[in-house]
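Chain by chain, the residues:
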Amino acid sequence: MSTMSGLPGDTNGTLPRHYLKPCLLLLLAEGPSHGYELLEHVRRMGIKGAEPGGLYRYLRAMEKEEMVSSWWEPSQAGPARRTYVLTEHGRKGLNESVQSLRDVREILVTLLDRYDTLSTRAGASRP
Amino acid sequence: MTSSAPKSEQLRVLYWRSEILQVLYWLHGEGLGDLVDIGLIRTYLGVEVLGEVQENLSTYLDLLVADGSLVGDGDWYALSERALADGEAQMATAFTDLVRPVLSECNDECWCQTSAAEAEACARARHASDHEPGKAIT
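So, here's what we can say about the structure. (Residues numbered from 1 in each chain as written. Chains lettered and ligands numbered in written order. Predicted model: local features only at pLDDT ≥ 70, side-chain atom pairs only at ≥ 80, totals over all residues. Heavy atoms only, no water.)

### Points about the overall build of chain A
Selection criterion: A run of H or I in DSSP becomes a helix once it reaches four residues, and a run of E becomes a strand once it reaches two; helices and strands are each numbered from the N terminus. Each residue is placed in one exposure class: buried if its accessible area under a 1.4 Å probe, protein chains only, is under 20% of its type's maximum, exposed if it is over 50%, and partly exposed if it falls in between. Contacts are assigned to residue pairs that have any heavy atoms within 4.5 Å of one another. With residues, only the protein chains shown are counted as cover, and all accessible areas are computed by Shrake-Rupley using a 1.4 Å probe.
Summing up its helical and strand segments, chain A has 4 helices and 3 strands in all. Relative to its 127 residues, chain A shows a buried fraction of 39%. A fraction of 53% describes how many contacts in chain A between residues 6 or more apart in sequence connect residues 24 or more apart. Accessible surface computed for chain A: about 7,600 Å², of which carbon and sulfur atoms make up 53%.

Here is the structure:
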């Protein structure tokens, strides 16, 4: 997705560049949601710097890609809110994103295992 | 992202009018505030559209103020009372369409329950939006 190349300041170099996408797809796979609710959840999932403008643009872009759909939901207690749901295309996107994350995890696990092995060896050889 | 904005100026005015109003309705609905300035609108519309809309954004906002959709106060803009009422009405209508019963959900009094032919006629009529389920067509 070219519209959202990651949210500045939200990853501190620790999260994948497009981590917001699987987060949103997963949250919507769990059930329909609203903008502010999604914002709260993605912050709890590690994207602490997520801000409403970026989320809004990301949701719009995902809607154009037909990964999510949305409608205005009137409320008795307050103004109408936009409700977002995952589409079938979005579910496929989630599966692909998760597979991609699994691949990254494999690479990281390999690196960490080698590091641990090296550390153990280095520790054992110390007097 | 390539912008979806139409090429003709008249349609572009309508397009950006809708985009701007949607941002304000979204912010209002999420409880994130009712006052916006150009900078915030730019943030929500996204950097990719800046080249296209940057020069005209003030004009589009002024047009929305002129037609009574927005209230302007210096650098700040807010949805007018009328726009809020219009928006609520439009959203309610859209929602009504979503929750309107489908054919199989018509009640027992609906004339479409009497036969398959009537049911087909009911579906056609409702497709043309001239029949409310449960009510007879005159």
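Past the structure itself, the notes keep going.
### A word on the interface of chain B and chain A
Interfaces are often sized by the accessible area lost when the parts come together. How we decide: Here the quantity called buried area is the total loss of accessible area, with a 1.4 Å probe, experienced by two parts when brought into contact, counted for both. A pairing counts as a salt bridge when a side-chain nitrogen of Lys or Arg comes within 4 Å of a carboxyl oxygen of Asp or Glu. Contacts described as polar in this section are N or O atom pairs within 3.5 Å, which, within protein, must combine one atom able to donate a hydrogen with one able to accept it, while residues neighboring in sequence count only if both atoms come from side chains. As a working rule, the residues Ala, Val, Leu, Ile, Met, Phe, Trp, Tyr, Cys and Pro are called nonpolar, Asp, Glu, Lys and Arg charged, and the rest polar, with Gly in that last group.
With 22 residues of chain B at the interface, the matching set in chain A holds 23 residues. Counting each side, the surface lost to burial between chain B and chain A is near 2,100 Å², with a carbon and sulfur contribution of 63%. On inspection of chain B and its partner chain A, the count reaches 1 salt bridge. In this structure, the salt-bridge partner of Arg60 of chain A is Glu19 of chain B, at a minimum N-O distance of 2.8 Å. Taken together, chain B and chain A are joined by 7 residue pairs in polar contact (both at pLDDT 80 or more). Counting residues per element, the ones that place at least two in the side of chain B that touches chain A are helix 1 (9-29), helix 2 (38-45) and helix 5 (81-99) of chain B. It is helix 1 of chain B that contributes the most residues to the side of chain B that touches chain A, 8 residues altogether. Considered class by class, the residues forming the side of chain B that touches chain A number 12 nonpolar, 6 polar and 4 charged.

### Quick notes on the side chain of Arg82 of chain A
Heads up, the condition is: Only four residue types enter the tally: Lys and Arg on the positive side, Asp and Glu on the negative side, with His and both chain ends excluded.
Following the sequence through the fold, Arg82 of chain A ends up in strand 3 (residues 81-86). In this structure Arg82 of chain A is buried but unpaired, with Glu63 of chain A as the nearest side chain of opposite charge at 4.1 Å. Of note is the side chain of Arg82 of chain A, whose polar atom sits 2.9 Å from the side chain of Ser70 of chain A. The contacts of Arg82 of chain A, once residues within four sequence positions are left out, are Ser33, His34, Gly35, Glu63, Ser70, Trp71 and Trp72 of chain A together with Gln22, Trp26 and Glu30 of chain B.

### Points about the sheet that holds strand 2 (residues 68-73) of chain A
Stated formally: Each pair of strands is called paired provided DSSP finds at least two bridges between the two strands. Axes, fitted as lines to C-alpha atoms, cover a helix only where it is in contact. Angles between the N-to-C directions of the axes lie from 0 to 180 degrees.
Taken together, the 3 strands give an open sheet; going across it, the order is 1-3-2 (chain A), and neighbouring strands pair in antiparallel fashion. Of all the strands in the sheet, the pair left with one neighbour each is strand 1 (33-34) and strand 2 of chain A. With 2 bridges joining them, strand 1 of chain A and strand 3 of chain A adopt antiparallel strand pairing. Considered in strand 3 of chain A, the bridge of Ser33 of chain A is made with Tyr84 of chain A. On the sheet, helix 1 of chain B packs against strand 2 and strand 3 of chain A and is oriented at approximately 95 degrees with respect to strand 3 of chain A.

By themselves, these observations are geometric and do not establish any function.
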